[in-house]
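Below are the chains, spelled out letter by letter.
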Amino acid sequence: MTIQPRHPHLLKLVDPPILVGHRCITCERIAFPPDPYGCEKCGSPASNFEKWDLQARGSVQAVATVHRHHRPTPPTPFTVGVIELVEGPVVKAIVEGDGVVVGSSVEGFLAPEEPDDAGNVIVDLRFRVTR
Amino acid sequence: MNASSLLSTRPVFVVGIGLHRYQRRSDETYVSLGLAAVREALSDADVSWADVDAAYTGTALLGMGASRIMLSKLGATGIPMTQVENASASGSSSVAQACLEVASGRSDVVVALGVDKPRGGLGAAPGEAGIANLEAGSVVPFTHFALLASEYMNLHGVSDEQVAKVAVKNHRNGSQNPFAQRQKVRSLEEVLTEPISGSLTRLQCCPVGEGAAAVIIASEEGIERLRIDRSRAMQVVASATKTEGLYAEGVGIDAALTAETGAAAFEEAGLGPTDLDVLEVHDAFAIEELLYAEALGLCQPGEAAARVESGDFDIGGSCAFSPSGGLLAMGHPIGPTGVGQVAEVVRQLRGEAGSRQQPNARVGMAHMVGVGAVCVVHILRKP
Ligand SMILES: [Zn+2]
């Protein structure tokens, strides 16, 4: 039995969870998701990047509840938010719970999915409203 | 000579247009779809295939080597043929390449074609770039645009009903277009049923089917030599392509890219937004018409919904938006879409659009965006 994050390169399984982005040493741009190629601001190769921890906290810029989806998971309806993290980068992620509106403050948490037959569990980063 | 002066140094014109109706996926082959559009465009221009110097085929989904297998059935003349892929703007980019080739002086008569058939998936490169992100699997294009709608409606106090009125207008326009995939007038109540994502409903999302569109681009010399009817030749006065720059973090990237590309096209043409009589925009989702109307400078930020409600963007208003029905009603078969927009603008400028004619149309724009992200804008003028 294992516990694995859905996106192992993007996430640290700590409480509260940490998002892992990158910072370009040349131009100081902080970006998420991290990428293995190069900097969109200054063109430096990714060898010039350092991993950069980002708090999974921010505010909702836009929100949409999805009613039709091409896959069985996540089951509909689910709500996606555009979240501006406190350190600047913007992510899109599922926001759980009622009362999420543009301007809501949200925080990340680790949501375990149903275990498979071997008992392995995938955990996914979700957000919820803090106030 | 820089690219922005090329079209004024050696003017280029659209002299022929042809379409195969956009439709749901059928057993018809892409060869049959594409040939129908090219044959109609040749006949419209009253030129023969033997007069064509080169061909560009805009297609995102067909895979390798589609052009010759199709176009050789008009006669294997041995001309250069090239496929052009630029996501949803593939057809627009085939028009851009055809204009560039004629303006450069290499050719006098070039066909730009768009043809596609839907497949199970889009096979899009961004998903295979090896850059993982959090939203993979939960944010598909309609949710991306539902999020844009959320931000816009919140910022400007615009309601679901106001956004839906874009779709009501474009479905009404499409009902007058024999080439449209959707040809039904829809009430506001109908448009507001069947939620898909956020405020977007089924009828506020474009259908992705199959079809074909072709235009023939010619120089003055080509028009002269082939005795093409000058009165039906519409000049391409701007062809601008841009990709997304590094904008401020947030959701407004699509509009920012359109603003930059539109400004480049206006500068090349020596025209401005108030000169436009007809505008075919990338309205794959209803919210986009509002975003791009503002980004292109046709109204102030936050004003577009009121302009739609006032009828200003109707056929007969100050600028007819998507008189073809746009992507929402005419449809978005990918490769053909951008070419079909140019064909519609030409039809409007010629005064041949029948019941969906914008009165006294003299200047028109065709605007597409594609994932990646890319934006392609053409401006045409009645000489
Ligand atoms: Zn950098």
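Residues numbered from 1 in each chain as written. Chains lettered and ligands numbered in written order. Predicted model: local features only at pLDDT ≥ 70, side-chain atom pairs only at ≥ 80, totals over all residues. Heavy atoms only, no water.

1. Thoughts on the overall build of chain B
- The helix and strand tally for chain B stands at 13 helices and twelve strands.
- Here the C-alpha radius of gyration of chain B, 19 Å, is about what a compact globule of 383 residues would show, namely 21 Å.
- With the C-alpha coordinates aligned to their principal axes, the bounding extent of chain B is approximately 55 × 45 × 40 Å.
- Counting over 383 residues, chain B shows a buried share of 62%.
- If you take every contact in chain B between residues at least 6 apart in sequence, the share linking residues at least 24 apart comes to 78%.
- Each charge class in chain B was averaged separately, 29 positive and 43 negative side chains, and the resulting centres sit 8 Å apart. (Helix = DSSP H or I, 4+ residues; strand = E, 2+ residues; numbered from the N terminus. Rg over C-alpha atoms; globule rule 2.2 N^0.38 Å. Buried < 20%, exposed > 50% of the residue type's maximum accessible area, 1.4 Å probe, protein only. Contact = heavy atoms within 4.5 Å. Lys, Arg positive; Asp, Glu negative; His and termini not counted. Charge placed at Lys NZ, Arg CZ, Asp CG, Glu CD.)

2. Notes on the pattern of salt bridges
- Per the counting criterion, the structure on display carries 26 salt bridges over all chains.
- Ionic contacts of the salt-bridge type, sharing partners, join the residues B:R10, B:D108, B:E221 and B:R225 into one network. (Salt bridge = Lys/Arg side-chain N within 4 Å of Asp/Glu carboxyl O.)

3. Focus on the interface of chain B and chain A
- At the interface, 29 residues of chain B touch 39 residues of chain A.
- Around 2,700 Å² of area is buried between chain B and chain A when both sides are counted, 63% of it from carbon and sulfur atoms.
- For chain B, the biggest contributors to the area lost against chain A are B:L134, B:L246 and B:E249; these three give 26% of the whole.
- At the boundary of chain B with chain A, the tally comes to one salt bridge.
- Its salt-bridge partner being A:R68, residue B:E194 comes within 3.0 Å of it at the nearest N-O pair. (Buried area = accessible area lost by both parts, 1.4 Å probe.)

4. Overview of the coordination of the zinc ion
Residue and element names in this part refer to chain A.
- Protein-derived ligands of the zinc ion are C24 (SG), C27 (SG), C39 (SG) and C42 (SG), with the metal-ligand distances lying across 2.3 Å.
- One can describe the site at the zinc ion as tetrahedral: its four donor atoms subtend angles covering 104 to 116 degrees at the metal.
- In the primary structure, the donors to the zinc ion are separated according to the pattern C-x2-C-x11-C-x2-C. Within this pair, whereas C27 is found in the loop between β3 (18–24) and β4 (30–31), its partner C39 is found in the loop between β4 and β5 (49–55), the two being separated by twelve residues in sequence. As far as the burial class goes, C27 and C39 line up, both buried. (Donors = N, O, S within 2.8 Å, 3.2 Å for Na, K, Ca; no water. Tetrahedral: all angles 85-135°; square planar, octahedral: opposite > 155°, others 65-115°.)

5. Observations concerning the domain arrangement of chain B
Residues and elements named next belong to chain B.
- Under the domain assignment, chain B is made up of domain 1 (3–120 + 208–234) and domain 2 (139–200 + 236–381).
- For domain 1 versus domain 2, the distance between C-alpha centres works out to 23 Å.
- With 48 residues of domain 1 at the interface, the matching set in domain 2 holds 38 residues.
- Summing the contributions of domain 1 and of domain 2, the shared interface buries around 3,300 Å²; its carbon and sulfur component is 65%.
- Considering only the surface of domain 1 that becomes buried against domain 2, Y22, S88 and M234 emerge as the three largest contributors, covering 23% of it.
- Inspection of the domain 1/domain 2 interface yields two salt bridges.
- The salt bridge involving R232 is made with E352; its shortest N-O contact spans 2.7 Å.
- At the boundary of domain 1 and domain 2, one finds twelve residue pairs in polar contact (both at pLDDT 80 or more).
- Those elements that provide at least two residues to the side of domain 1 that touches domain 2 are α1 (3–9), β1 (12–23), α2 (30–45), α4 (90–103), β4 (109–116) and β7 (210–219).
- Ranked by residue count, the leading element in the side of domain 1 that touches domain 2 is β1, at eleven residues. (Domains from an automatic or database assignment. Polar contact = N/O pair within 3.5 Å; in protein donor to acceptor, adjacent residues only side chain to side chain.)

6. Focus on the sheet that holds β1(B)
All names here are of chain B.
- Here we have ten strands laid out as an open sheet, ordered β3-β2-β4-β7-β1-β8-β12-β11-β9-β10, and mixed in their pairing. Two strands in the sheet have a free side with no partner beyond their single neighbour: β3 (81–84) and β10 (320–321).
- Here three bridges tie β1 to strand β8 (residues 234–243), and the two strands are oriented antiparallel to one another. Bridge pairing in β8 places F13 opposite Q235.
- Strand contacts of α4: β1, β2 (54–58), β3, β4, β7, β8, β11 (363–370) and β12 (374–381), with the helix running at about 160 degrees to β2, the strand carrying the most contacts. (Pairing = 2+ DSSP bridges. Axes fitted to C-alpha atoms, helices over the stretch in contact; angles between N-to-C directions.)

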